[in-house]
Amino acid sequence: MAESSEKKTHSLRENYRWLMQQIWELDKTMYLNFAAFTVVCALKPFVGILFPRFLLQELMGSARAQTLVLMLIGFFLSGAGLFYAYARLQRANLAKSILFRISVLRKHQDQCLETDFPNTEDPKFLTASQVAMDGLDGNGLGLGGVVERSFLISGNLLAFLGYLALLTRLSPWVLAYLLFNAVLSYYFTIAAKEYESSLRLPFADRNRRFMYLFHTMYDFAYGKELRLQNYRATLAQKTHTSQQEMLNIRRQIYKKNFTSQAADALLLLLREGLVYIYLIRLVMQGSLSIPDFTMYFATVAAFAQWFKEMVEHYAHIRAQNHYIDDIRHFQEQRNNEDDQEKLPLPEAPYSIEFRNVSFKYPRTENYVFRNLNLTIEPGQKLAIVGHNGAGKTTFVKLLCRLYEVEEGEILLNGIPVRKFDREAYFHKFSVVFQDIKPLAFPVAENITLSENGYDEERLWKAMEAADIAEKVRKLPLQEKTPMLKILDPEGVEFSGGEAQKVAIARALYKQGDILIMDEPTAALDALAEARIYQGFDKAVHGRTAIYISHRLASTYFCDVIAMFEQGEIVEYGSHDQLMQQNGKYADMFDTQARYYKENPEVAGR
Amino acid sequence: MKKDLQIGLRFYKLVYRLYPAYLPKAFLAAFLQALVPFINVILPKLIIDELLGAQRASLLLQLVLFVALGNGILNVINRYMTYRMDEAYYDLMQRIELNMGNHIMNLDFEMLEDPAILNQKDQAIFPLRNQGVIRNMTMYTMQLIQYSLTLIGLMAIISRLNPLLIVFILGIVFLNSRIFKKQQAKQYEIFQEMVPLNRRYGYYLELTTDFSAAKDIRLFHMKPYIHDKLSDFHEKDCGLFVKMFDMFGKYEGMSQVILQMQMAVIYSYMVWQVFLKRIGIGDFSLYVSASVSFANHISLLLNSYVEYRQYCIYIGRYLDFEALPKKIAEGTAKPEVREAPLTLEFKNVWFKYPRSEDYTLKDVSLTLRSGEKLSVVGPNGAGKTTFIKLLCRLYAPEKGEILLNGRNIQEFSEEEYYKLLAVVFQDFKLFSFSIRENICMNQPCDPQDVEEALQKAGLSERIARLPKGIDTPLYKNFEEDGIELSGGEMQKLTIARAVYKDCPIVVLDEPTAALDPYAEYEIYSKFNDLVEDRTAIYISHRLSSCRFCDHIAVFNEGRLVEYGTWEELEKGNGLYAEMWQAQSQYYVSQGA
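Predicted model only: the values in this text are computed from it and were never measured. (Residues numbered from 1 in each chain as written. Chains lettered and ligands numbered in written order. Predicted model: local features only at pLDDT ≥ 70, side-chain atom pairs only at ≥ 80, totals over all residues. Heavy atoms only, no water.)

1. Regarding the sheet that holds strand S1 (residues 352–359) of chain A
Residue and element names in this part refer to chain A.
- Spatially, 4 strands are ordered S2-S1-S4-S5 in an open sheet, and the strand pairing comes out antiparallel. Each of the sheet's edge strands pairs with one partner strand only, and the pair in question is strand S2 (369–376) and strand S5 (415–416).
- In the sheet, strand S4 (residues 407–412) pairs with S5 via 2 bridges, with the strands oriented antiparallel. Bridging across to S5, Leu411 finds its partner in Pro416.
- Sitting on the sheet, helix H12 (residues 392–399) is in contact with S1, S2 and S4, with an inclination near 115° to S1. (Pairing = 2+ DSSP bridges. Helix = DSSP H or I, 4+ residues; strand = E, 2+ residues; numbered from the N terminus. Contact = heavy atoms within 4.5 Å. Axes fitted to C-alpha atoms, helices over the stretch in contact; angles between N-to-C directions.)

Below, the structure written as structure tokens:
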């Protein structure tokens, strides 16, 4: 049983390195984009800064027509080239960023598909998955946001060197002053982002509640209830209240953003005033020409803007660190690997034995089973009955090895099942669970789980036995008809009972040596139910079969019945034996049969 | 372009309706932002002129202060406006979401079962929630206004030099807009191809990450099958994607080249003017920065427009969905049935679902008297659930009438009519609120009556064991300390809810499907306690439930084929007898 590893948050540096590794692994060419974009972004701003200066210098100096014309052509060519490259790269970067995000999402999906089954029922794991998905969703935040900003930062990094060069020519003191100013500005921005971070959890909590209300309003499935219960206005009211709570938190965040930015603006004011006075003094002293004045004027403005953007990008990336952490944490979880060598599975027929099995779900207190002992003989049909919550479905999960048994053993033909490869073990089972979820693909694919290479004859036999062949024959594309409408409007919606039959057909098609059915006829009417049970008998012939059903009519077909109560088998035997015993099974049977008798004692009439 | 304008207008009409103060705030913010470029365009000219002229220190100082203060104050004001606008936008988003929620809740019910409408809803809602469509729409519209205002100001400055310059610049803009139009058309094409692919993507994502199919995926080795589908999709969609962005890049690149050419021409003209000594250096700086700013803003404007147009598509879908009309007229009468006995009559009712060829109910006539218990049976697809939906006024008959004490039920107001019915649907839903709230819903809550309802449903012990009792929330997605009840327990809770409701008619649709035989028996044996003297309709595949009803109505292929007491029908040779035989044979022959 895999346990989710305890979470420790990585630092921004570590996570950023992980991200770069992922980029290297999933799309090396993105590094080329980084490089190209960096070069273009470094050069681009200087066209607008340097060119006017040279132009002015020439104009105020020799004013040679030829030189001026050459300058203008040079300006056009370099400008056009750089801006064209910038536009192409910008789009290409965005595309790569999105595709990268989708690639990482695929890894996430792979993890979901491969993780040990117990994780899929573990709330901690489910939350970790949801939280990781939040980080992969959309472009501005999370992983997408970090990648985009990375492009922008790499683009701007080289430009810094250019600014550095220019400003040092002017005066190192100016540069120092500007940097000092910029650092202060950085702290203001960080403070605002930290504040926002601190409110993340209370906000997420309210957001979760809001999302529930939102979904309930929007989901058509709630439509009947909301109307019949006259609950619509109340729900709207609850939603409104929830929204107000969230708005209040956001308000606080925006306000804090503003106060830090206002402080930043005043800093800017100071900086601008001082630098411009300095520049003017230089001109008045004669140590700075007008062209140079315009150049530095533009440079200071551009540098301030540049720094502001860099800080913003960095702060944003910092704020996404926890997302990266969540994504990484989820993907790094590993299933418990058992290094022991696996035995090949024996041939059918199979007997299965539960020997002193005790089991409780991870992180729970109560044992579902204590010292359970049960043997299923080869080719036997076993019915499992009992109250809701008696452990029937858990029994099936253990039998299938969706959960592994820690205390006690399950044996297949005398060999502990742990010794077999789990995937190979799964091959032996054909299961129909209670919660049927058809796939939005053709009926044939739902049953055979392959697009093309399936056995047609086997498919139709399975559909006949599941009593769905006739319906499928009448469909527009027969077995190629898609089962839902979500992907193909030409698809057909199957009723609950029909979907159940398709699930049964799937189990029959697989021809697993051990057949397990959990409430297989719950949604079917009386006549359909009868047909199914008759069909089972034929289809199952000779294989081991286990039925879980409330409908005691199904036990008619079985060799033995095990009655579960509170995790124990309280009665075991054939139907006739148990009825003779006159115990709990007989009681349950009589209760259900009561109204089918000729003269029932109908209470209260 | 006209269509986009229309969509914009419709959208802002909606915005105005939901949040009147938003638009004026946004305009003000846009206006204030529009002022920003002017300080750095105009003032350097004055400084340079002075520097080249008298170089009066005090004047220069004043000018510098003007620049710094001007920028500073405007900066602070704009950041303040950003703060208020962020807040206002968030508020607006919430109002829009709530508005949509109310709209959906109040749609004609038939739309909820129409896959086309479901599709329309998904298409309208998905981009709102996932791509910040509303945010971007408002942002780009405000940018359009802001940039336009700036451009007007700049045009005024530039035309002082030579109005022909404006003409030239606008000519370039026109050229660029032709390019944009072509880009749009190409984009739309690709977009159409992408819509079904995106839907597919969303479906795969859900399939792999929502874990509800986890058991099946492992036990049926579905991984390779799903992998293949994912890979196949990846290739197609990602290829398309790259193609689209590449195309964007080319068009945008081209328009950038044209803009640069425009800049070069402007510069050349300025240089020529200086060369001919028609303007001074100060003016040169003024006109150059004005032209550069103008060109930049045109570029920004076009960019915003392109983005705006993209979002118009999504907004259009959203608006269309929001405009779905209510067809079924709302009645206003209040049924007076509190004291008088109640008779429900179906009179020659014919019904078929919208978009369907065949009638689901054919000429159904049935009378239900006050206090009567009716069992409704029939094969799957016979029309039983449709019968209930009509009774619940979720649909209206196409032919024939449904009468309550002689009056057509359509005449009553929805709210008042629903007060008469307590319905337990097969696909019932409970809410993630407290158990007490789920039971009482909108009615006043009497703890004793709640306890009684729980007892009748067989849940009172289970609830008593909970630390918070009836205040325990259900599920974990709203309150974190909620509980997950088992399927059977949920069903019992829904029954308790129906019992609690003080109303004359109770409808139960497969209420014991998830219950074990004991719990089922509990419900059956207490059935009369549960419904007391109310009129009751009971649908179930388990024919044993017919025994405690007064009459049985047998539906088959849309028609009421048999009607009578259990004795009458069981003895007969019809469909009911056949079904009864099929189900009871095991019990009767096997019983002790």
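2. Describing the pattern of salt bridges
- Tallying each qualifying case throughout the model produces 53 salt bridges over all chains.
- Residue Asp216 of chain B pairs with Arg506 of chain A through a salt bridge whose shortest N-O separation is 3.1 Å. Placement of the pair is Asp216 of chain B in helix H8 (residues 214–219) and Arg506 of chain A in helix H17 (residues 496–510), with the two residues belonging to separate chains.
- Take Asp216 of chain B: its relative accessible area is 10%, and that puts it in the buried class.
- Relative accessible area serves as the criterion here: at 8%, Arg506 of chain A is assigned to the buried category.
- Across the pair Glu87 of chain B and Arg84 of chain B runs a salt bridge, and its minimum N-O distance is 3.0 Å. Placement of the pair is Glu87 of chain B and Arg84 of chain B together in helix H3 (residues 57–105), with a separation of 3 residues, close to one helical turn.
- Of the residues examined, Arg84 of chain B reaches a relative accessible area of 29% and is grouped as partly exposed.
- Connected through shared salt-bridge partners, Asp116, Arg401, Glu404 and Arg422 of chain A make up one network. (Salt bridge = Lys/Arg side-chain N within 4 Å of Asp/Glu carboxyl O. Buried < 20%, exposed > 50% of the residue type's maximum accessible area, 1.4 Å probe, protein only.)

3. As for the packing of aromatic side chains
- Enumeration according to the criterion identifies 64 aromatic pairs over all chains in this entry.
- An angle of 85° between the planes, with centres 5.3 Å apart, marks the rings of Phe433 of chain B and Phe478 of chain B as edge-to-face. A residue pair is termed long-range when its members are at least 10 positions apart, and Phe433 of chain B in the loop between strand S6 (421–424) and helix H13 (435–440) and Phe478 of chain B in the loop between helix H15 (460–464) and helix H16 (487–500) qualify at 45 residues.
- When its relative accessible area of 4% is taken as the criterion, Phe433 of chain B is described as buried.
- What links up through ring pairs into an aromatic cluster is the set Trp24, Tyr31, Phe34, Phe37, Tyr86 and Phe151 of chain A.
- When the ring centre of Phe433 of chain A is taken as reference, the NZ or CZ atom of Lys215 of chain B above it lies at 4.7 Å. (Phe/Tyr/Trp six-rings, centres within 6.5 Å; stacked < 30°, edge-to-face > 60°. Lys NZ or Arg CZ within 6 Å of the ring centre and 35° of its normal.)

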